[in-house]
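The residues making up each chain are set out below.
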Amino acid sequence: MQIGILGAGQLGRMMALAGLPLGQQFTLLDLSGTPSAGIGELLTGSDDATLEDFIARADVVTYEFEHLPVTLLERIEQVRPVYPSSRAIAVCQHRAKEKALFSQLGIPTPEYRLVDSAEALEAAARELGCPVVAKSTTEGYDGKGQAVLRTPEQASEAWQSIGHEQLVVEAFVDFVREVSLIAVRGRDGSVRSYPITQNQHEEGILRYSVAPLPDVDAALQSTADGYIQALLDELDYVGVLSLELFQTRDGRLLANEMAPRVHNSGHWTMNGAVTSQFENHLRAIAGLPLGDTRARGLTCMVNVIGEEGDSAALLALDGVHLHRYGKAPRTGRKLAHINVVAEDYSTLMQRVRAVTALLPGAFDNTMHWDNV
């Protein structure tokens, strides 16, 4: 099968690497002008001729990021299957629509307000009680397009810094940890979920993900599975969907946001699950049976950001699997990830600390993981 991928970054690269053993072939369309996938047929440009060439080469089309014009996906859908669909991406790239869908399906979220002015932002901050988080309804990712208000008087400054016509204002959540759930739905409606994953961010960028967790019981996993199943079915979704959540001190799960694609917090599955999220996404969109999503053991994914460490030194450590993206170093840029595996949590954390010691400028706050 010929698969077209909109985007030619690391996610497209890892999809193609997972699909080659299945006999799939890939054409990647780069719309950014900075492709880094280094695999498959690469097309660059957004003109009509390039798009028609891309469509002609593909039996089915998917994408590696959600910041795409919905009209582009709708155009492709007229002649080729697109998974996930344009409806899914329209919801996921607009926080107000996303919140409305969560509410419709009974998925709890932090209390929020929609505002369209600095004055409305200040009023929402007073009503919800500071601190609050203000986020642009569109285009924000990796900490961009948002601000934390410690007092209502910061509303004008926050409104100016974000620079969007409409914001979502969320009440502060006293959470014990950030978690995510990766699930996949096939063309036939079958669904498989991976174990709940714990995530740690710094400056809005994911740094670590750990799965599975020792204190996630069947009831909590079932609750999360139910939330994501409702989303998958409502959207008639095909492929991998990620759902980010907060776990509160009383054990509840509150949905933060979702992403209609393979996800950074699911990279651990490449070495830590029976079937990776990338292979399962490709199985789903190709109409193949879904693979086993059980964890093989314990895994911590460590993002390599800004500058890479010495590959030989890293690979000399026990339980280390390095996945490089072929990108030039740049502050804040995701250059690679490392999956660290172990049979027990104590050994896993020791190995993670050994890895972070070899990464220049790594965010070293592994104390946060001592309760894992």
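Our subject is the structure listed above.
Right, let's walk through the structure included here. (Residues numbered from 1 in each chain as written. Predicted model: local features only at pLDDT ≥ 70, side-chain atom pairs only at ≥ 80, totals over all residues. Heavy atoms only, no water.)

The next subject is the packing of helix H1 (residues 10–19) against helix H10 (residues 277–285). The N-to-C vectors of H1 and H10 enclose an angle of 75°; their axes lie 8 Å apart at closest approach. Between H1 and H10, the angle is such that the two are roughly perpendicular. Along its contact with H1, which presents Leu11, Met14, Met15, Ala18 and Gly19, the element H10 presents Phe278, Glu279, His281 and Leu282. Classifying every residue of the contact of H1 with H10 by side-chain character gives six nonpolar, two polar and one charged. (Axes fitted to C-alpha atoms, helices over the stretch in contact; angles between N-to-C directions. Helix = DSSP H or I, 4+ residues; strand = E, 2+ residues; numbered from the N terminus. Parallel < 35°, antiparallel > 145°, perpendicular 65-115°, else oblique. Contact = heavy atoms within 4.5 Å. Nonpolar A, V, L, I, M, F, W, Y, C, P; charged D, E, K, R; others polar.)

This paragraph deals with the sheet that holds strand S6 (residues 132–136). Strand order in this open sheet of four strands is S5-S8-S6-S7, and the pairing throughout is antiparallel. Among the strands making up the open sheet, the edge pair consists of strand S5 (112–115) and strand S7 (146–149). Taking each pair of neighbouring strands and ignoring which way they run, the sheet shows an average axis angle of 20°. Pairing between S6 and strand S8 (residues 167–171): five bridges, direction antiparallel. Bridging across to S8, Val132 finds its partner in Ala171. Across the sheet, helix H7 (residues 155–162) is in contact with S5, S6, S7 and S8; its angle to S7 comes to roughly 170°. (Pairing = 2+ DSSP bridges.)

Let's shift gears to the nonpolar core. Formed by 44 residues in total, the largest nonpolar core has its most connected members in Ile196, Leu231, Leu243, Met258, Val302, Ile338 and Leu348. Here Leu231 is in contact with Leu101, Phe102, Leu105, Ile107, Leu241, Leu243 and Met258, once residues within four sequence places are set aside. Judged by nonpolar contacts, the second largest core, of 31 residues, contains Ile3, Leu11, Ala284 and Met301. (Core = buried A, V, L, I, M, F, W, Y, C linked by side-chain atoms within 4.5 Å. Buried < 20%, exposed > 50% of the residue type's maximum accessible area, 1.4 Å probe, protein only.)

To continue, consider helix H12 (residues 345–356). In this model, H12 (12 residues) spans 16 Å end to end at C-alpha, consistent with the 16 Å of a helix rising 1.5 Å per residue. Along H12, the residues that are buried comprise Tyr345, Leu348, Met349, Val352, Val355 and Thr356. Down the axis of H12, the smallest arc covering the buried residues is 115°, so these residues share one side. Among the structural elements, strand S12 (205–211), strand S15 (298–305), helix H11 (311–315), strand S16 (320–324) and strand S17 (334–342) are those in contact with the buried residues of H12. The N-cap residue of H12 is Asp344: its side-chain oxygen and the backbone nitrogen of Ser346 are 3.2 Å apart. (Expected span 1.5 Å × (residues − 1). Arc of directions from axis to C-beta. Polar contact = N/O pair within 3.5 Å; in protein donor to acceptor, adjacent residues only side chain to side chain.)

Now for the sheet that holds strand S3 (residues 41–44). Strand order in the open sheet formed by four strands is S3-S2-S1-S4, and the pairing between neighbours is parallel. The sheet terminates laterally at S3 and strand S4 (60–63), the two strands that pair on one side only. Across this sheet, the average inter-strand angle for adjacent strands is 25°, counted without regard to direction. The pairing of strand S1 (residues 2–6) with S4 spans four bridges and is parallel. In the strand pairing of S4, Ile5 is matched with Thr62. Seen against the sheet, H1 touches S1, strand S2 (25–30) and S4 and runs at an angle of roughly 170° to S2.

Taken as a whole and judged by the stated rule, the model has 21 salt bridges. Among the ionic pairs, Arg95 bridges to Glu257, the shortest N-O distance being 3.5 Å. With Arg95 in helix H5 (residues 95–104) and Glu257 in strand S14 (residues 253–259), this residue pair connects regions lying 162 residues apart in the sequence. Overall, the relative accessible area of 8% leaves Arg95 in the buried class. You can call Glu257 partly exposed: its relative accessible area is 22%. Here Arg185 ties to Asp233 by a salt bridge, and the two come within 3.1 Å at their closest N and O atoms. Of the two residues, Arg185 sits in strand S9 (residues 175–185) while Asp233 sits in helix H8 (residues 218–234), which places them 48 residues apart along the sequence. Using a relative accessible area of 9% as the deciding quantity, one classes Arg185 as buried. Among the charged side chains, a network of salt bridges with common partners joins Glu41, Asp53 and Arg57. (Salt bridge = Lys/Arg side-chain N within 4 Å of Asp/Glu carboxyl O.)

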